[in-house]
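One letter stands for each residue in the lines below.
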Amino acid sequence: HWTLLSVSLLNCLLSTACSVGLALAIALTIRSQGTHLVMGCNSSALPADTRAAIVTNDCPFNTTRIYDTALALWFPSMVLAAAEAVLSGRCCLVALIFRGIGPCARSYGKEQV
């Protein structure tokens, strides 16, 4: 029971942090209209021939779809991380009930679980 409690609590905290981080990344990306996604493209650390190969911008990759792709991947990831946090929280609650800790540990909830 203690292993279930500790692992589910740790997973709940990590999933919550992940979903908050993704929400922040989405908000910053939408606010800047994707300019922060390609901010490092004008870097002098890029090889000179790579930057010269792309005449329209100084990026070694095609930037036309990076904004849409990032948001299309981040929204489902945020939803799944939030769902994982909720399910981990429920597992943590079940572990607390099994240990006899919490408000519903000695009531009908324990028999129901």
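Residues numbered from 1 in each chain as written. Predicted model: local features only at pLDDT ≥ 70, side-chain atom pairs only at ≥ 80, totals over all residues. Heavy atoms only, no water.

1. So, helix H3 (residues 66-99)
Taking 1.5 Å per residue, 34 residues should reach 50 Å; H3 reaches 48 Å between its end C-alpha atoms and fits that length. Residues of H3 that are buried: Ala 70, Leu 71, Ala 81, Ala 85, Ser 88, Cys 92, Ala 95 and Ile 97. Gly 100 sits one or two positions beyond H3 and adopts a positive phi of about 80°. (Helix = DSSP H or I, 4+ residues; strand = E, 2+ residues; numbered from the N terminus. Expected span 1.5 Å × (residues − 1). Buried < 20%, exposed > 50% of the residue type's maximum accessible area, 1.4 Å probe, protein only.)

2. Side note on helix H1 (residues 2-32)
End to end, H1 covers 45 Å across 31 residues, agreeing with the expected 45 Å (1.5 Å per residue, within 8%). Of the residues making up H1, those classed as buried are Leu 5, Ser 8, Cys 12, Ser 15, Ser 19, Leu 22, Ile 26, Thr 29 and Ser 32. Contacts from the buried residues of H1 go to H3. Phi turns positive one or two residues past the end of H1, at Gln 33, with a value near 55°. (Contact = heavy atoms within 4.5 Å.)

3. Description of the UniProt feature "signal peptide" (unreviewed entry) in the protein
When the UniProt feature table is mapped onto this chain numbering, "signal peptide" (unreviewed entry) sits at residues 1-19. Here residues 1-19 is 95% helix and 0% strand, with 27 Å between the C-alpha atoms at its ends. (UniProt positions renumbered as here; feature names shortened; annotations may be inferred.)

4. Here's the deal with the environment of Glu 84
Mapped onto the fold, Glu 84 is located in helix H3. Placed 70 residues apart in sequence, Glu 84 and Leu 14 show a C-alpha to C-alpha distance of 9.6 Å. If we ignore the near neighbours within four places in the chain, the residues touching Glu 84 are Asn 11 and Ser 15. Side chain to side chain, Glu 84 and Asn 11 meet in a polar contact 3.4 Å long. (Polar contact = N/O pair within 3.5 Å; in protein donor to acceptor, adjacent residues only side chain to side chain.)

5. Concerning the packing of H1 against H3
At a minimum axis separation of 7 Å, H1 and H3 run at an interaxial angle of 155°. With respect to H3, the axis of H1 lies roughly antiparallel. Crossing handedness for the pair H1 and H3: left-handed. (Axes fitted to C-alpha atoms, helices over the stretch in contact; angles between N-to-C directions. Parallel < 35°, antiparallel > 145°, perpendicular 65-115°, else oblique. Left-handed = near helix turned anticlockwise from the far one by under 90°.)

6. Some remarks on the confidence of the model for the protein
Scored by pLDDT, the protein has a mean of 78; 66% of the residues are at 70 or more. The least confident element of the protein is helix H2 (residues 48-53), whose mean pLDDT is 45; the most confident is H1, at 92. Contacts for the low-pLDDT stretch residues 49-56, under 50 throughout, to residues beyond four places or in other chains number 11 contacts. (pLDDT = per-residue confidence, 0-100.)

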